[in-house]
Amino acid sequence: MSLLLVGSTNAAVGFAAGMETLRRGGSALDAIVATIELVEANPDDHSVGFSGLPNLLGEVELDASIMDGRALAAGAVGALQGYQDAIALARRVMDDTPHALIAGTGSARLAAESGLPPVDLLTPEAERVWRSRLDEQAGRDDPYHHHVRNVVRALADDPEHAEALHGTVNVIARDRNGDIACGVSTSGWAWKYPGRMGDSPIIGAGNYADNRFGAAACTGRGEMAQRLCTAHSVVAFMRCGMTLDAALTQAALDLHRLADPYWSEVNIVAIDAAGRYDAVSTVAGKTFVVQTEDMTAHQERERRFVPAPA
Ligand code: GLY
């Protein structure tokens, strides 16, 4: 079977390592972790891992999930503090515990028990960005949830900070055996309410893989993908006979239908069981990255824009 890596544009920093893992005969799961752990370590990416932007209290909270398309095994962590290796920990949840999702202090406890190194995730640059918006809220004694609402409203039309609300990394891999796996990692929405988890750690919302039909993963406003179980929907649509193209288009049209005062972009990348890939967005001008076995490096491509129906 031919090898494949496809994912969000910010995954590019890990693609060489991920493809090398596949070329050496590593599994799709190995390639997912090899790719995403480099994104989690990237200090220039403020939406994932180390240097991720923090929640309303200034705490960096990470979410991640991984899914094995062979037997639909999955693992996830949510609201993880103090450890960078969220995708590796999600794999540990899948491989070494009877659970599929461990969140909060439990996830940090598992990280410590697993021997992962503790890391201060909040960098001076991320703290500066966090403060730049929070200061506008200073002096108010509203409950926290009012602050979250105000910050999100203020950021909605602010291109400089848009990535802080939407950024996440995802990768789908296909290995020599034809097995597929999917991984997602994020620091979630900046200024989010403490404990908030989006679609990334929710199997079926931001991540789904099934060798028989394909895989899908989302970035963007996680609450929307949660409400529609978007990643699972794409795979289920293909199971019901839709082509990859039609399944992604339908999922994007469903997202457009959602009533949401914080409506925002959602981007989906997917593959089918034959290893064909495609990516869509509910907004124009978004890209993704892909590397097939015959490519010497990843290529950045434009996502198909699916507009709202007239
Ligand atoms: N899609 C990432 C998030 O909403 O946290």
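Placed above this text is the structure.
Residues numbered from 1 in each chain as written. Predicted model: local features only at pLDDT ≥ 70, side-chain atom pairs only at ≥ 80, totals over all residues. Heavy atoms only, no water.

1. Re the overall build of the protein chain
Consideration 1: Of the regular secondary structure elements, the protein chain holds ten helices and 13 strands.
Consideration 2: Against the globule reference of 19 Å for 310 residues, the protein chain gives a C-alpha radius of gyration of 18 Å, in line with a compact fold.
Consideration 3: Dimensions of the protein chain along its principal axes, counting C-alpha atoms only, are 60 × 55 × 35 Å.
Consideration 4: The burial tally for the protein chain puts 57% of its 310 residues in the buried class.
Consideration 5: Contacts in the protein chain between residues at least 24 apart in sequence constitute 68% of all its contacts with a sequence separation of at least 6.
Consideration 6: As displayed, the protein chain offers around 12,400 Å² of accessible surface, 52% of which is attributable to carbon and sulfur atoms.
Consideration 7: Once the 26 positive and 40 negative side-chain charges of the protein chain are each reduced to a mean point, those two points are 5 Å apart. (Helix = DSSP H or I, 4+ residues; strand = E, 2+ residues; numbered from the N terminus. Rg over C-alpha atoms; globule rule 2.2 N^0.38 Å. Buried < 20%, exposed > 50% of the residue type's maximum accessible area, 1.4 Å probe, protein only. Contact = heavy atoms within 4.5 Å. Areas by Shrake-Rupley, 256 points an atom, 1.4 Å probe, with all protein chains shown as cover. Lys, Arg positive; Asp, Glu negative; His and termini not counted. Charge placed at Lys NZ, Arg CZ, Asp CG, Glu CD.)

2. Topic: the nonpolar core
Consideration 1: In terms of nonpolar packing, the biggest core is built from 40 residues, with Val-6, Ile-172, Ala-216, Val-234, Leu-248, Ile-268 and Ile-271 touching the most fellow members.
Consideration 2: With sequence-adjacent residues up to four places away left out, Ile-271 is seen in contact with Leu-4, Val-6, Ile-172, Ile-180, Phe-213, Gly-214, Ala-215, Met-238, Leu-244, Arg-276 and Tyr-277.
Consideration 3: Within the second largest apolar cluster, 39 residues are counted, among which are Leu-5, Ala-31, Ile-66 and Ala-90. (Core = buried A, V, L, I, M, F, W, Y, C linked by side-chain atoms within 4.5 Å.)

3. Considering the pairing of strand E3 (residues 73–80)
Consideration 1: Of all the eight residues making up E3, seven are buried; the element is thus mostly covered by neighbouring parts of the structure.
Consideration 2: Pairing analysis gives six bridges linking strand E2 (residues 62–68) to E3, with the strands arranged antiparallel. Bridge pairing links Leu-62 to Leu-80 in E3.
Consideration 3: Between E2 and E3, which pair antiparallel in sequence order, lie four residues; one of them, Leu-72, sits at a positive phi of approximately 60 degrees.
Consideration 4: Relative to strand E4 (residues 101–103), E3 is paired through three bridges, and the arrangement is parallel. Following the sheet pairing, Gly-78 is matched in E4 by Ala-103.
Consideration 5: Between the parallel elements E3 and E4, the chain passes through helix H3 (residues 86–96) in a crossover that is left-handed. (Pairing = 2+ DSSP bridges. Right-handed = clockwise from strand over helix to strand, strands pointing away.)

4. A short note on the site of the ligand
Consideration 1: All residues adjacent to the ligand are Thr-168, Gly-188, Trp-189, Arg-196, Asp-199, Ser-200, Gly-220 and Gly-222.
Consideration 2: With respect to the ligand, the side chain of Thr-168 contributes an N or O atom lying 3.5 Å from a nitrogen atom.
Consideration 3: For the ligand, a nitrogen atom lies 2.8 Å from a polar atom in the backbone of Gly-220.
Consideration 4: In isolation the ligand has 200 Å² of accessible area, and contact with the protein removes 100% of it. (Near = heavy atom within 4 Å. Polar contact = N/O pair within 3.5 Å; in protein donor to acceptor, adjacent residues only side chain to side chain.)

5. With respect to a nonpolar patch on the surface
Consideration 1: Residues Leu-57, Tyr-144 and Tyr-193 make up a contiguous nonpolar surface patch of roughly 290 Å² in combined accessible area.
Consideration 2: You can see Tyr-193 is positioned in the loop between strand E6 (180–186) and strand E7 (207–210). (Patch = residues over 30% accessible without salt bridge, like charges linked within 9 Å, V, L, I, M, F, W, Y side chains within 5 Å. Salt bridge = Lys/Arg side-chain N within 4 Å of Asp/Glu carboxyl O.)

6. Side note on helix H5 (residues 124–134)
Consideration 1: Restricting attention to buried positions, one finds in H5 the residues Ala-126, Val-129, Trp-130 and Arg-133. Relative to the axis of H5, the buried residues are bounded by an arc of 100 degrees and lie together on one face. (Arc of directions from axis to C-beta.)

7. Section: helix H2 (residues 28–40)
In an α-helix, one turn spans 3.6 residues, which is why side chains three or four residues apart end up on the same side.
Consideration 1: In a regular helix each residue adds 1.5 Å, so 13 residues correspond to 18 Å; H2 covers 18 Å between its end C-alpha atoms and thus fits that length.
Consideration 2: Among the 13 residues that make up H2, ten are buried, leaving the element largely enclosed by the rest of the structure.
Consideration 3: In this structure, the buried residues of H2 make contact with strand E1 (4–8), helix H1 (12–23), E2, H3, strand E5 (169–174) and E6. (Expected span 1.5 Å × (residues − 1).)

8. Looking at the pairing of E1
Consideration 1: Counted residue by residue, E1 has five buried out of five residues, so it is predominantly covered.
Consideration 2: Judged from the four bridges that link them, E1 and E5 form a sheet pairing that is antiparallel. What sits directly across from Leu-5, in E5, is Ala-173.

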